Amino acid sequence: CQCTNYVGIEIDADRAEEAQKNVLAAYESGSLPRKVRIHIMCANALEVDYNEASVIFLYLVQRGLRLMKPILLRGRDSHSCGTKSTYVNGASSTDVQQRQCNGSNLNVSRRTLRVITYMSPFEDEKYVKRELCEVDHQRGAAWPLFLYHF
């Protein structure tokens, strides 16, 4: 199943507007297929309901991850993966089931929430997978992405 519906959350109105303009420009240039829907909303990520989300991408520092974790897990079954275990815009906020967590087997059922963090890991969780992401604007740099199943 390929994701086609994305919601970005940005607390800063100017950045939210800029992100939505970038989405429209990507449609116009053809670099983003029309079947992919992206909506950027201006909101506080700590006040959004994530119960319908299946994948969440977080670009937050440790404090932000600590604040977001209970919000993401609210109303979900207790999580475990081994012993423990809507896309948010840009550099300032958040964009974004029986588990199988053995090595490269990343199959998940419908109730699993997949959370990807960029740069910072959750302090008290074991990640399912870690990869390095190279960035065009910094030659030789590779930043970590962490995948969690809750």
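To be clear, the structure that these remarks concern was listed above.
Residues numbered from 1 in each chain as written. Predicted model: local features only at pLDDT ≥ 70, side-chain atom pairs only at ≥ 80, totals over all residues. Heavy atoms only, no water.

Peer 1: Sorry, what's going on with the packing of aromatic side chains here?
Peer 2: Here the structure, examined in full by the defined rule, presents 6 aromatic pairs. Note on Tyr148 and Phe150: the rings are 6.1 Å apart at their centroids and 15 degrees apart in plane angle, and the pair reads as stacked. Summarising the burial analysis for this pair, Tyr148 and Phe150 share the class buried. Three or more aromatic residues link up through ring pairs in this structure, and these residues are Phe57, Tyr59 and Tyr118. (Phe/Tyr/Trp six-rings, centres within 6.5 Å; stacked < 30°, edge-to-face > 60°. Buried < 20%, exposed > 50% of the residue type's maximum accessible area, 1.4 Å probe, protein only.)

Peer 1: Just checking my understanding: could you explain the pairing of strand 1 (residues 5-10) for this structure?
Peer 2: Every other side chain in a regular strand lies on the same face of the sheet, so the side chains alternate between the two faces. Pairing of strand 1 with strand 2 (residues 37-42), which is carried by 6 bridges, proceeds in the parallel orientation. The partner of Gly8 across the bridge, within strand 2, is Ile40. (Pairing = 2+ DSSP bridges. Helix = DSSP H or I, 4+ residues; strand = E, 2+ residues; numbered from the N terminus.)

Peer 1: Help me understand the sheet that holds strand 5 (residues 129-134), please; the structure alone is not making it clear to me.
Peer 2: Two modes of strand pairing occur in sheets, parallel and antiparallel, and in both the strands are linked by backbone hydrogen bonds. Pairing is mixed across the open sheet formed by 4 strands, whose spatial order is 3-4-6-5. Looking at the sheet topology across the chains shown, the edges are occupied by strand 3 (55-58) and strand 5. Within this sheet the neighbouring strands show an average axis-to-axis angle of 20 degrees, counted without direction. Looking at chain direction, strand 3 and strand 4 (residues 114-118) are connected through 4 bridges and run parallel. Bridged to Ile56 within strand 4 is Val115. Set on the sheet, helix 2 (residues 62-73) makes contact with strand 3 and strand 4; between it and strand 3 the angle comes to about 170 degrees. (Axes fitted to C-alpha atoms, helices over the stretch in contact; angles between N-to-C directions. Contact = heavy atoms within 4.5 Å.)

Peer 1: Help me out: how do you make sense of helix 2 in this one?
Peer 2: Side chains that are three or four residues apart share a direction in an α-helix, a result of its 3.6 residues per turn. With 12 residues, helix 2 ought to run about 16 Å at 1.5 Å a step, and its terminal C-alpha atoms sit 17 Å apart, in line with that. Taken as a whole, helix 2 has its buried residues at Gly64, Leu65, Met68, Lys69, Ile71, Leu72 and Leu73. Residues of helix 2 that are buried make contact with strand 3 and strand 4. Positive backbone phi, approximately 80 degrees, marks Gly75, located one or two places after helix 2. (Expected span 1.5 Å × (residues − 1).)

Peer 1: Whenever I open this one, the nonpolar core confuses me. Can you help?
Peer 2: One broad trend across soluble globular proteins is that nonpolar side chains are buried collectively. Grouped together as the largest cluster of nonpolar side chains are 20 residues, with contacts concentrated most on Tyr50, Leu58, Leu72 and Val115. Those elements that provide at least two residues to this core are strand 3, helix 2 and strand 6 (142-149). Looking at this core, the element that brings in the most residues is helix 2, giving 5 residues. Counting residues in each nonpolar core, the second largest holds 8 residues, with Ala19, Val23, Ala26 and Val36 among its members. (Core = buried A, V, L, I, M, F, W, Y, C linked by side-chain atoms within 4.5 Å.)

Peer 1: I'm lost on the pattern of salt bridges in this one. Help?
Peer 2: Charged atoms that come close allow side chains of opposite charge to pair. Enumeration over the complete set of coordinates arrives at 5 salt bridges. Ionic pairing is found between Lys69 and Glu125, a salt bridge with its closest N-O pair at 2.5 Å. Salt-bridge contacts for Glu131 lead to Lys129; the nearest nitrogen and oxygen are separated by 2.9 Å. On the basis of relative accessibility, which here comes to 36%, the residue Lys129 falls in the partly exposed class. (Salt bridge = Lys/Arg side-chain N within 4 Å of Asp/Glu carboxyl O.)

Peer 1: Quick question: what am I supposed to make of the environment of Ala142 here?
Peer 2: Relative to the elements of secondary structure, Ala142 occurs in strand 6. Of the residues examined, Ala142 reaches a relative accessible area of 32% and is grouped as partly exposed. When the C-alpha positions of Ala142 and Leu132 are compared, they lie 5.4 Å apart, and in sequence the two are 10 residues distant. If we skip the residues at most four places from it in the chain, Ala142 touches Leu132, Cys133 and Glu134.

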